[in-house]
Number of protein chains: 2
Amino acid sequence: MLNDEKTVLSHECEGCPIRHRAVCARCESDELERLEEIKYYRSFEAGQTIIWSGDRMEFVGSVVSGIATLTQTMEDGRTQMVGLLLPSDFVGRPGRDGSPYDVVATTDLVMCCFRKRPFEDMMSTTPHIAHRLLEMTLDELDAAREWMLVLGRKTAREKIASLLSIIARRDASLNLRPTQGALVFDLPLTREAMADYLGLTLETVSRQISALKRDGVIELEGKRHVTVPDFSRLLDEAGDDNDGGMLA
Amino acid sequence: MLNDEKTVLSHECEGCPIRHRAVCARCESDELERLEEIKYYRSFEAGQTIIWSGDRMEFVGSVVSGIATLTQTMEDGRTQMVGLLLPSDFVGRPGRDGSPYDVVATTDLVMCCFRKRPFEDMMSTTPHIAHRLLEMTLDELDAAREWMLVLGRKTAREKIASLLSIIARRDASLNLRPTQGALVFDLPLTREAMADYLGLTLETVSRQISALKRDGVIELEGKRHVTVPDFSRLLDEAGDDNDGGMLA
DNA sequence: TCGCGCGCTTGATCTGGGTCAATGAAACCC
DNA sequence: GGGTTTCATTGACCCAGATCAAGCGCGCGA
């Protein structure tokens, strides 16, 4: 389903939404060149903090491979993850200097970055880049608000199912077992990181995963490898409206 | 405080971020005229639903007076408020047709609207309007993520204090009693609406408000009129970093 | 090969906030 | 002025999930 992007690539950068979704299809070649000039890659190791809350951010960019998280922490140590960044997700706040949360690489991570100042200049002179940024920010806002429902009103079991279905949707869409509609994927987060995302403790996460396994909603091989035999069942458990069409 | 609206109507519109923050300072006069052409006002009564989740939205705009909320509901009736719209807040998703949540007027409400299609056209030809939209969307995103911390990790008492401090900041900054740094404001929400915003029940909201009153953090006159004798005390209760500068 | 540490699981117990139910108190309307 | 409605408070009890604590299993370095 993403194959046609390749035809557009000319320079590939798998997972970079600026190039793929906004630039390639519509940019003039000199815009592509200017982007190319301010672009660079950075790698991070699992566990490394990319930006501390309050730090100046010198770049915007997007995740190419691996997982990053946005995390807020209270003085007494309580932490809440406020964003989960999977490949192709955008990081950065054009027009703002600081980051209001920690950005952490939870797995080994590669990012495709653009130097911030020149990127902002391009943005202000290239309407469709600005437009794409707005699109992406609206997507993030929708995701944040959906997550507010999860945090505020769902039970622990529903929270786990919600998280699994999000990861499944994003991560497993290519690993679909087409013969039977089962999804297979690896959990990219520790139990503790899941707890931080879900507003739970790691013990509760562990218990609820065990419960979902016991009830046949998921199958586990090792601690991280998940098979979802029936995705709509998982959506039911998540309490989501399941209009069924999603995997059609 | 909004009386001057009348004097201003032909041009300025108190509480409209498009005109005030983005357009007036930087727009050419023909842009102002075009905006004027597609602008209109709408009034709603307390309790009225402005847009149902899934509905097509024909306008974008901003709150002039009154309070609106964004609400998500699960099939079984659990509801979570995902946005609180005070005067000057923006409503709308340029580039998108439907609303993913209910928009409800919780008090009598006046909105300043722009017809959506022509507004989008203007946006794509007027970079600084697009830029302002991005700014506002980033603000909303920050607010949503801050609220995720509230929902996921704070206690009931901290949640109430957080909500009060947000309303105080927005609503009471003009009603400051300068002699003593006390803040006075009216709660614009029922206990139930507060509960929906905070991921609590209305009983818990009521109990915690009583507790804050008993402990002298707030004073109540009637059910809705609040005095905060010491704002930094309230911030402490909210668990927020209180760097003190806010009211300086 | 052993031991050590980290990620995870599971059990026992505790508690914050939910649930259910009764009462109070304004506002409003005959 | 009394009845109805809506919003809020308060009490008694309960339970989902937190907390505290004990192991398990696997990878890794010596």
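Here, the structure is the one placed above.
In this report, the structure presented in the accompanying data block is examined. Note that this is a predicted model, so its numbers are computed, not measured.

1. Considerations on the relation of the copies chain A and chain B
Here comes step 1: Between chain A and chain B, the superposition needs a rotation of 180 degrees and an axial shift of 0.0 Å, giving an RMSD of 0.1 Å. What the rotation and shift describe, once combined, is the action of a two-fold rotation axis.

2. Observations regarding the protein's contact with DNA strand D
Here comes step 1: The full set close to DNA strand D counts 17 residues, and A:Ala156, A:Thr204, A:Arg207, B:Arg191 and B:Ser206 are the nearest of them.
Here comes step 2: Note that a base nitrogen of DNA strand D is positioned 2.9 Å from one of the side-chain N or O atoms of B:Arg207.
Here comes step 3: In this structure, a phosphate oxygen belonging to DNA strand D sits 3.1 Å away from a side-chain N or O atom of B:Arg224.
Here comes step 4: Among the secondary structure elements, those contributing two or more residues to the surface near DNA strand D are helix H8 (202–214) of chain A together with helix H8 (202–214) of chain B.
Here comes step 5: Looking at the surface near DNA strand D residue by residue, the classes come out as 3 nonpolar, 7 polar and 7 charged.

3. As for the protein's contact with DNA strand C
Here comes step 1: Neighbouring DNA strand C are 17 residues; A:Arg191, A:Ser206, A:Ser210, B:Thr204 and B:Arg207 lie closest to it.
Here comes step 2: Backbone sugar and phosphate groups make up 62% of those atoms of DNA strand C lying within 4 Å of the protein.
Here comes step 3: At 2.9 Å, a side-chain N or O of A:Arg224 approaches a phosphate oxygen of DNA strand C.
Here comes step 4: Those elements giving two or more residues to the surface near DNA strand C turn out to be H8 of chain A together with H8 of chain B.
Here comes step 5: At 5 residues, H8(A) tops the list of elements feeding residues into the surface near DNA strand C.
Here comes step 6: Looking at side-chain class alone, the surface near DNA strand C contains 3 nonpolar, 7 polar and 7 charged residues.

Conventions adopted
- Residues numbered from 1 in each chain as written.
- Chains lettered and ligands numbered in written order.
- Predicted model: local features only at pLDDT ≥ 70, side-chain atom pairs only at ≥ 80, totals over all residues.
- Heavy atoms only, no water.
- Least-squares fit on C-alpha atoms with pLDDT ≥ 70 in both.
- Near = heavy atom within 4 Å.
- Polar contact = N/O pair within 3.5 Å; in protein donor to acceptor, adjacent residues only side chain to side chain.
- Helix = DSSP H or I, 4+ residues; strand = E, 2+ residues; numbered from the N terminus.
- Nonpolar A, V, L, I, M, F, W, Y, C, P; charged D, E, K, R; others polar.

Coordinates in, geometry out; function isn't part of it.
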